[in-house]
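These are the residues of each chain, in order.
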Amino acid sequence: MKNQYFEQDVRFMSRKVSLLLVLSFTLFQDVSSAPSSKCEVKASCSESASCQITRNITVNPGLKIPPNCAINVRRKGNIHTWQQAKQQIGGSKGSLDLVLQEKGKSKNGKYICQCTAVHFTRAVNLLWGSSSPNIISKDKKNELECVFSAWPLPAVVNWYKDKLPNTNRVRLPLMNGTKGIYQSLEKIRVNEEEAIRSVLRFPLGSEEHEGFYTCSVVDSIQGWSSNKSYMVQLIFICPRPQPPTTSTSMVSANKLSNVSLTCLVDSDETGCPDELHWYKNNDHVPLASSKKYNIVVKHTHSKCKQEFILNIFNVTKVDEGNYSCQWKCEYEDTTKASIVLKVST
């Protein structure tokens, strides 16, 4: 349901931006073609009941104003663009920048006074973003947030995920529902300024959510565009280590063959385990790499788990027995897992 509302809001905002462009074109067309009318760029609309703001447009302040619109200032100078006009006229009240006022008579002789509020485009600005790096842990929900201001207000905020902080390659934005991740989008006000807030919500924490997340906005009208991006690193914290495990409790091997015994052991950011050892039967001295044994630690696809492997070469009946891998860490109980080796003649 949230996804449906999000899509409806995006479509509404997109139509709003398109409507602003249409109104802008229509306004300039009306000003240039209306008979016996007088167009003037002002700071505010005339204080008259018959002369009120009826429309709003958004313009690029660097573009030229309609050529037949007057600007009544003492030092007119070379005023060609909306920005130059505002510098000479002064600021307006509220969020609008200027007013385009048209007075005159219509074809049927009636008095016309029409005002259009002129809003300047404003570059995209990041008002707020989640702290980086941001921590996630197993079985806990998390969310990332970006808040942008601009005018016109952006209709879409895209999120991207990367394993490394590389934004130079072409990539597709995250789709709602990808790995249980959903985005919500809402319009808010921050210090009397309209803004758009995007929240990326995660399901229960998982290592697969770790990475670099970028929220990105591109805002544009004809002849003008602005963009802004913000990156947050999401780090998964490994859960408290659990005892070692094995995929099987017994391994059978032929005489003079080579055998590998594997334990899956947990690791975490504190440096655990401090020690890993293989023992045979009830020996108190751990096995060591030699011509008979080769002991290795192998990384897995998870940063929270390792494979602790004991390779035994040219096995015979003498090598039969119970092999245990022991996990040791300061302030933690010593834990182990065992595998029984059987050698056939």
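Scoring rules and cut-offs
- Residues numbered from 1 in each chain as written.
- Predicted model: local features only at pLDDT ≥ 70, side-chain atom pairs only at ≥ 80, totals over all residues.
- Heavy atoms only, no water.
- Helix = DSSP H or I, 4+ residues; strand = E, 2+ residues; numbered from the N terminus.
- Buried < 20%, exposed > 50% of the residue type's maximum accessible area, 1.4 Å probe, protein only.
- Contact = heavy atoms within 4.5 Å.
- Areas by Shrake-Rupley, 256 points an atom, 1.4 Å probe, with all protein chains shown as cover.
- Core = buried A, V, L, I, M, F, W, Y, C linked by side-chain atoms within 4.5 Å.
- Pairing = 2+ DSSP bridges.
- Salt bridge = Lys/Arg side-chain N within 4 Å of Asp/Glu carboxyl O.
- Axes fitted to C-alpha atoms, helices over the stretch in contact; angles between N-to-C directions.
- Disulfide = S-S within 2.5 Å.

Caption draft 1: Broad picture of the overall build of the chain. Looking only at helices and strands, the chain has two helices and 20 strands in total. Buried positions account for 40% of the 345 residues belonging to the chain. In the chain, of all internal contacts separated by at least 6 residues, the share reaching a separation of at least 24 is 65%. Surface exposure of the chain reaches about 20,100 Å², of which carbon and sulfur atoms provide 51%.

Caption draft 2: Broad picture of the nonpolar core. By size, the foremost hydrophobic cluster in this structure holds 23 residues, and its most contacted members are Leu261, Trp278, Leu310, Ile312, Tyr323 and Leu341. Elements with a minimum of two residues in this core: strand S14 (250-254), strand S15 (259-266), strand S16 (275-280), strand S18 (305-312), strand S19 (321-328) and strand S20 (335-344). For Leu261, the residues in contact, after removing those within four places along its chain, are Val251, Trp278, Phe308, Ile309, Leu310, Ile312, Tyr323 and Ile339.

Caption draft 3: Geometry of the pairing of S18. For S18, the tally of buried residues reaches six of eight residues, placing the bulk of the element in the interior. Sheet analysis places strand S17 (residues 293-299) next to S18, joined by seven bridges and oriented antiparallel. Bridging across to S18, Ile295 finds its partner in Leu310. Counting the residues in the hairpin turn of S17 and S18 gives five residues.

Caption draft 4: Region of the structure containing the pattern of salt bridges. Enumeration according to the criterion identifies eleven salt bridges in this entry. Across the pair Glu193 and Arg122 runs a salt bridge whose closest N-O atoms are separated by 3.8 Å. In this pair, Glu193 sits in strand S11 (residues 193-202) while Arg122 sits in strand S6 (residues 122-129), placing the two residues 71 residues apart along the sequence. Between Arg197 and Glu145 there is a salt bridge, and its shortest N-O distance comes to 2.5 Å. In this pair, Arg197 sits in strand S11 while Glu145 sits in strand S8 (residues 142-151), placing the two residues 52 residues apart along the sequence. Here Arg197 and Glu145 have matching classes, each one buried.

Caption draft 5: Structural detail: the environment of Asn294. One can find Asn294 in strand S17. Counting along the chain gives 17 residues from Asn294 to Asn311, while the straight-line C-alpha distance between them is 5.0 Å. Among residues more than four places away in sequence, those in contact with Asn294 are Ser289, Ile309, Leu310, Asn311 and Phe313.

Caption draft 6: Spatial organisation of the sheet that holds strand S12 (residues 211-221). Strand order in the open sheet formed by four strands is S7-S13-S12-S9, with mixed pairing between adjacent strands. At either end of the open sheet lies a strand with only one pairing partner, and these are strand S7 (134-137) and strand S9 (158-162). Within this sheet the neighbouring strands show an average axis-to-axis angle of 30°, counted without direction. Sheet topology places S7 next to strand S13 (residues 224-237); four bridges connect them, and they run parallel. Each bridged residue has a counterpart across the sheet, and for Asn134 the counterpart in S13 is Leu234.

Caption draft 7: Representation of the state of the cysteines within the structure. Inspection of the entire model under this criterion finds seven disulfides. For Cys45, the disulfide goes to Cys115, at an S-S distance of 2.0 Å. Taking the torsion about the S-S bond as the criterion, the Cys45 to Cys115 disulfide, at about 85°, is right-handed. Pair noted here: Cys45 is in the loop between strand S1 (37-42) and strand S2 (52-59) and Cys115 is in strand S5 (residues 111-120), with a separation of 70 residues, a long-range link. The same class applies to Cys45 as to Cys115, namely buried. There is a disulfide in this structure between Cys263 and Cys325, and the S-S distance comes to 1.9 Å. Taking the torsion about the S-S bond as the criterion, the Cys263 to Cys325 disulfide, at about -85°, is left-handed. Remark: Cys325 occurs in strand S19 and Cys263 occurs in strand S15; sequence separation between them is 62 residues. Pair check on accessibility: Cys263 and Cys325 agree, each one buried.

Function cannot be read off these values alone, since they describe shape.
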